[in-house]
Amino acid sequence: MNLGALEYFGIALTLLVYVAASWLRRRTRLAVLNPLLVTIVVVIIVLVLTGVSFDDYNASAEWLTHLLTPVTVCLAVPLYEKLQLLRRNFLAIIVGVTTGILSGLLLTFGVAKLVSLGTTDYLSLLPRSVTAAIGMGISERIGGSAALTLAVISLTGVFGNLIGARFVRLIRIKDPVAQGLAIGTASHVGGTAGAFELGEAQGAMSSLAIVVAGIVAVVLTPLFTTLV
Amino acid sequence: MKYLTQLTIILVITLVGELLSGLVPLPVPASVYGMAIMFTLLATGVLKIKQIRDVAVLLIEVMAVMFVPSSVAIITLWPLASELLLAAGILVCLGTLLVMAITGHATQATQRLLATYAKRKTRTKGAERTGVAAV
């Protein structure tokens, strides 16, 4: 019996591991047991052990990826509920997000130079912090590999989800608006899931940052495409 | 029917976003158009928040798990060239921390500047009693 041929193998496995990991984290209260990270690692191990190919897994699990677009649309809800916060902080939001995206692009450029990265790989890494849908669009447009971009974007989201809430407090970012913007700009939807753990305001600002950062990145990324 | 109606509204807005993304020659993805439409409908009162809230909150709650399949996809890119692996590793970790730190502190600094400016403005006008703290 080939498990990969089963229509519900991928999605059931993913949800089962995620629910179990979330339960484990609640029980143990261990921060390292980030449900998202645990799920990715366990799913990879299961695929390797059972010999199910990624394509077979994804034929089923891809359902979850398809939900990313409607869930991003739904982020308008927390944003709307925190409209006052957006109005009052408009200028700070624009300055914060633009500075953040710019520093990310500069670092990518610097690291690419440092390890003498190939042009396609460099271009694929540039939209790393932008939400999947926008980042892949940028990557394709500037000549990167969309598949590689999606993988680094996802991992950035996972990392932001893992450390975001603790890191912003550690480096003394105390204002809820600044906390949310920092997490959303650096780690898009993945981090936003973690920002909601800090509070509604942080979640809403993180949702907003996804959009603002996406738009800023669409404008700024093409300026960094020459690796010389 | 309540949940089905909510889901339908969300998916129809997503579809309109997809249509716009295909028709308008700008590199703006469907999700951003959809989010803008949703926000506009809510802000103008055409759509009431309770007409979509339950399903929207449910989707947002399970958002993290939607990243699993595309992250597992790294196994298809294996083995990666060592310089790419190094660059991606540095950027995913250090890059995320850097962008987070800079965005957060730039936001806080701007807020502080604006607050100081607003305070000075109220003072020069001699209207301290009515001065509202601008945060």
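Residues numbered from 1 in each chain as written. Chains lettered and ligands numbered in written order. Predicted model: local features only at pLDDT ≥ 70, side-chain atom pairs only at ≥ 80, totals over all residues.

**Q** Would you explain the overall build of chain A in this entry?
**A** A count of helical and extended segments in chain A gives twelve helices and zero strands. Helices and strands in chain A line up, N terminus first, as α-α-α-α-α-α-α-α-α-α-α-α. Each principal axis of the C-alpha distribution contributes one length, and for chain A these read about 60 × 45 × 30 Å. Across the 228 residues of chain A, 57% fall into the buried class. Pairs at least 24 apart in sequence give 66% of the contacts found in chain A among residues at least 6 apart. (Helix = DSSP H or I, 4+ residues; strand = E, 2+ residues; numbered from the N terminus. Buried ≥ 20, exposed ≤ 12 C-beta atoms within 10 Å, placed from the backbone. Contact = placed C-beta atoms within 7 Å.)

**Q** Explanation requested: the overall build of chain B in the structure shown.
**A** Within chain B, the secondary structure is distributed over six helices and zero strands. Along chain B, helices (α) and strands (β) appear in the sequence α-α-α-α-α-α when read from the amino end. For chain B, whose C-alpha radius of gyration is 23 Å, the value lies well above the compact-globule estimate of 14 Å for 135 residues. With the C-alpha coordinates aligned to their principal axes, the bounding extent of chain B is approximately 65 × 50 × 35 Å. Looking at chain B residue by residue over its 135 residues, the buried ones come to 36%. When contacts within chain B are restricted to residue pairs at least 6 apart in sequence, those whose partners lie at least 24 apart make up 38%. (Rg over C-alpha atoms; globule rule 2.2 N^0.38 Å.)

**Q** I'm lost on the domain arrangement of chain B in this one. Help?
**A** For interface size, the figure often reported is the accessible area lost on association. Taken domain by domain, chain B holds domain 1 (1-78) and domain 2 (81-135). Once you take the C-alpha centre of each, domain 1 of chain B and domain 2 of chain B turn out to be 29 Å apart. (Domains from an automatic or database assignment.)

**Q** Looking at this structure, how should I read helix 6 (residues 82-124) of chain B?
**A** Because each turn of an α-helix spans 3.6 residues, side chains separated by three or four positions end up pointing in the same direction. The terminal C-alpha atoms of helix 6 of chain B, which comprises 43 residues, lie 61 Å apart, in line with the 63 Å expected from a rise of 1.5 Å per residue. Within helix 6 of chain B, the axis deviates most sharply at Gly95 of chain B, by approximately 30°. (Expected span 1.5 Å × (residues − 1). Bend = angle between axes of the 7 residues up to and from the residue.)

**Q** Explain the packing of helix 7 (residues 90-114) of chain A against helix 6 of chain B here, please?
**A** Working note: a packed helix pair is described by the angle between its axes plus the distance between those axes. Axis separation between helix 7 of chain A and helix 6 of chain B bottoms out at 8 Å; the angle between their running directions is 150°. Between helix 7 of chain A and helix 6 of chain B, the crossing angle belongs to the class labelled roughly antiparallel. When you trace helix 7 of chain A past helix 6 of chain B, the crossing you get is right-handed. (Axes fitted to C-alpha atoms, helices over the stretch in contact; angles between N-to-C directions. Parallel < 35°, antiparallel > 145°, perpendicular 65-115°, else oblique. Left-handed = near helix turned anticlockwise from the far one by under 90°.)

**Q** Looking at this structure, how should I read the interface of chain A and chain B?
**A** Between chain A and chain B, the contact holds 93 residues from the first and 65 residues from the second. Top contributing element to the side of chain A that touches chain B by residue count: helix 10 (residues 146-170) of chain A, with 16 residues. Class assignment of the residues belonging to the side of chain A that touches chain B gives a composition of 60 nonpolar, 27 polar and six charged. (Nonpolar A, V, L, I, M, F, W, Y, C, P; charged D, E, K, R; others polar.)

**Q** Quick question: what am I supposed to make of the environment of Thr107 of chain B here?
**A** Among the structural elements, Thr107 of chain B can be located in helix 6. C-beta crowding within 10 Å serves as the criterion here: with 31 such atoms nearby, Thr107 of chain B is assigned to the buried category. Setting aside residues no more than four positions away along its own chain, Thr107 of chain B makes contact with Ala92, Ile93, Gly96, Val177, Ala178 and Leu181 of chain A.

**Q** What is the right way to read the confidence of the model for chain B from this model?
**A** As a general rule, the predicted coordinates of low-pLDDT regions are not to be interpreted in detail. Residue and element names in this part refer to chain B. Per-chain confidence: chain B averages 86 in pLDDT, with 91% of residues scoring 70 or above. Between the elements of chain B, mean pLDDT differs from a low of 82, seen in helix 5 (residues 74-77), to a high of 95, seen in helix 1 (residues 2-23). Reported confidence for the predicted complex is 0.81 by ipTM and 0.78 by pTM. (pLDDT = per-residue confidence, 0-100.)

**Q** Honestly, the domain arrangement of chain A in this entry has me stumped. Any pointers?
**A** Split into domains, chain A comes out as domain 1 (3-66) and domain 2 (74-224). If you average the C-alpha positions of domain 1 of chain A and of domain 2 of chain A, the two centres end up 25 Å apart.

**Q** Which parts of the structure should I look at to understand helix 12 (residues 200-220) of chain A?
**A** Across its 21 residues, helix 12 of chain A extends 30 Å between first and last C-alpha, which sits within 8% of the 30 Å expected from 1.5 Å per residue. Among the 21 residues of helix 12 of chain A, 16 are classified as buried, and the element is accordingly described as predominantly covered.

**Q** Any chance you could explain unusual backbone geometry here in plain terms?
**A** Most peptide bonds take the trans form, and the phi angle of most residues other than glycine is negative. Residue and element names in this part refer to chain A. The phi angle at Ser116 is positive, at roughly 40°, despite the residue not being glycine. For Arg172, which is not a glycine, the phi torsion comes out positive at approximately 60°. Structurally, Arg172 is set in the loop between helix 10 and helix 11 (176-198). Taking the C-beta count within 10 Å as the criterion, Arg172 has 10 such neighbours and is therefore assigned exposed.

**Q** Please explain the nonpolar core as it appears in this structure.
**A** Nonpolar side chains tend to gather and get buried jointly when the protein is soluble and globular. In this structure, Cys74, Ala76 and Ala213 of chain A together with Val68 of chain B are the most contacted members of the largest nonpolar core, which totals 109 residues. At 13 residues, helix 10 of chain A tops the list of elements feeding residues into this core. (Core = buried A, V, L, I, M, F, W, Y, C linked by C-beta atoms within 7 Å.)

**Q** What exactly am I supposed to notice about the environment of Ser206 of chain A here?
**A** With respect to the secondary-structure elements, Ser206 of chain A resides in helix 12. Considered as a pair, Ser206 of chain A and Val177 of chain A are 29 residues apart in the sequence and their alpha carbons are 8.3 Å apart.

**Q** Would you take a moment to explain the environment of Ile74 of chain B for this structure?
**A** All names here are of chain B. Looking at where Ile74 falls in the secondary structure, it is placed in helix 5. Ile74 gets classed as buried once you count the C-beta atoms within 10 Å, which come to 20. For the pair Ile74 and Met100, spaced 26 residues apart in the sequence, the C-alpha separation amounts to 24 Å.

**Q** Explanation requested: the confidence of the model for chain A in the structure shown.
**A** Per-chain confidence: chain A averages 89 in pLDDT, with 99% of residues scoring 70 or above. For chain A, the element scoring lowest by mean pLDDT is helix 9 (residues 132-142) of chain A, at 81; helix 7 of chain A scores highest, at 93.

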